[in-house]
Amino acid sequence: MDQATLDQARGGDGDAFRTLTAPHERELLLHCYRMLGSLTEAEDALQETMLAAWRGLGGFEGRASLRTWLYRIATNRCLNTLRDNARRVPSEPVPPFPVPPPTRLSEVRWLQPYPDRLLDGVPEHSPGPDARYETREAVELAFVAALQRMPPRQAATLILRDVLGYPADEVAEMLGTTATAVKGALQRARAAVPAVRPGPRDTDDDVARRFATAFTAGDVDGVVALLTDDAWLSMPPAPHEYHGRPAIAAFLRASTTHAAGRALTLSPTRANGRPAFRATLDAAPAGIIVLTTDNSRIAAITRFHDLTLTNRF
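A quick note: this is a predicted structure, and the numbers were derived from the prediction, not measured.

Engineer: Go over the overall build of the protein with me, naming the residues and quoting the values.
Structural biologist: Counting its secondary structure elements, the protein contains 12 helices and seven strands. Each of the three principal axes of the protein carries a C-alpha extent, and together these read 65 × 40 × 40 Å. For the protein, buried positions account for 51% of its 313 residues. Within the protein, residue pairs in contact and separated by at least 24 positions form 67% of the contacts whose partners lie at least 6 positions apart.

Okay, here's the thing in structure tokens:
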């Protein structure tokens, strides 16, 4: 960090401030997304972080790196959002057709996809040797959803320790707690996280092409043939989730019947480190579909029905 630039920023030079903070913005956005599970809320939290950093720069003493100081601000901004119930939980949409009974109803209805293009420029290195996940593993939808189900401080501890690799004493200082409390929270958080199964990436594109062909043709059997036995289908912000081939097939048949005669297209993109599609129905936006693959099969189909996200992809 250049001391002259820091001094200029402390003196009110906005350009100097942006020079200092711009290299960290994408990783801070990703951090806020992991904490909140919503790209929209993460963007708001990043703006609040930068505003707080600008106002508080005079108090930055340099005992920790600027990067660590910014992570502390961002983490606590997200915790404030979660503690104050200030998050915007979307209303439950009404299905446009009769749906089969779901396997379960998800509580994480605010989950949104994260465009892979925003991962460009995020450093793969960690601040310390304790990181257990690579960047792209720690943006998997199942991982992010698991974080949403934890108490917020547990989730923050897991991210700071296992994703970013900060040592326990630094995490304790960032969260205003003790290293012993950090250790306990980390143990509980690790027990609540599913095993990350990134799978062989070289098979993703082939599976995605086969899915797109079957899905756009209304070939339910063709889609189901690509699924693992324990696959899941979910549709945030709708809470409905379907587990296993028979349950998913029943929902897809109802959906396909409803869309019969309409032009469905899927345009390839990527989200959360996985193959994804921008869906349109009669040329109108119809959501984002993200596939989670496992050994050349599809382990999860997540169709996001928030149409405001389309232009992000």
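Engineer: Account for the packing of helix α7 (residues 152-163) against helix α8 (residues 168-175), naming residues and giving values.
Structural biologist: The contact between α7 and α8 brings their axes to 10 Å, and the two run at 140°. The pairing of α7 with α8 is recorded here as oblique in orientation. When the axes of α7 and α8 are compared, the crossing they make is right-handed. Contact with α7, carried on its side by R153, A156, T157, L160 and R161, involves A168, V171, M174 and L175 of α8 and no other residues of that element. In the contact of α7 with α8, the residues fall into six nonpolar, one polar and two charged.

Engineer: Explain the side chain of R34 to me, and be specific about the residues and the numbers.
Structural biologist: Relative to the helices and strands, R34 resides in helix α3 (residues 25-36). No salt bridge is formed by the buried R34; the nearest opposite charge belongs to E27, separated by 7.9 Å. In this structure the side chain of R34 is engaged in a polar contact, spanning 3.3 Å, whose partner is the backbone oxygen of T135. Setting aside anything within four residues of it in sequence, one finds R34 in contact with T135, A138, V139, V144, L147, Q148, I159 and V163.

Engineer: Give me the environment of N311: which residues, what numbers.
Structural biologist: Relative to the helices and strands, N311 resides in the segment after β7 (297-304). Residues N311 and S106, spaced 205 residues apart in sequence, show a C-alpha to C-alpha distance of 26 Å.

Engineer: So what's going on with the pairing of strand β4 (residues 264-271)? Residues and values would help.
Structural biologist: Pairing of β4 with strand β5 (residues 274-281) involves eight bridges; the strand directions are antiparallel. Residue T265 lies in a different strand from β5, and its bridge partner there is T280. Hairpin remark: β4 followed by β5, antiparallel, with two residues in the connecting loop; positive phi at N272, about 55°.

Engineer: If you had to explain helix α9 (residues 179-192) to someone new, which residues and values would you point to?
Structural biologist: With 14 residues, α9 extends 20 Å between its outermost C-alpha atoms, agreeing within 8% with the 20 Å of an ideal straight helix rising 1.5 Å per residue. Within the sequence span of α9, burial applies to V182, G184, A185, L186 and A189.

Scoring rules and cut-offs
- Residues numbered from 1 in each chain as written.
- Predicted model: local features only at pLDDT ≥ 70, side-chain atom pairs only at ≥ 80, totals over all residues.
- Heavy atoms only, no water.
- Helix = DSSP H or I, 4+ residues; strand = E, 2+ residues; numbered from the N terminus.
- Buried < 20%, exposed > 50% of the residue type's maximum accessible area, 1.4 Å probe, protein only.
- Contact = heavy atoms within 4.5 Å.
- Axes fitted to C-alpha atoms, helices over the stretch in contact; angles between N-to-C directions.
- Parallel < 35°, antiparallel > 145°, perpendicular 65-115°, else oblique.
- Left-handed = near helix turned anticlockwise from the far one by under 90°.
- Nonpolar A, V, L, I, M, F, W, Y, C, P; charged D, E, K, R; others polar.
- Lys, Arg positive; Asp, Glu negative; His and termini not counted.
- Salt bridge = Lys/Arg side-chain N within 4 Å of Asp/Glu carboxyl O.
- Polar contact = N/O pair within 3.5 Å; in protein donor to acceptor, adjacent residues only side chain to side chain.
- Pairing = 2+ DSSP bridges.
- Expected span 1.5 Å × (residues − 1).

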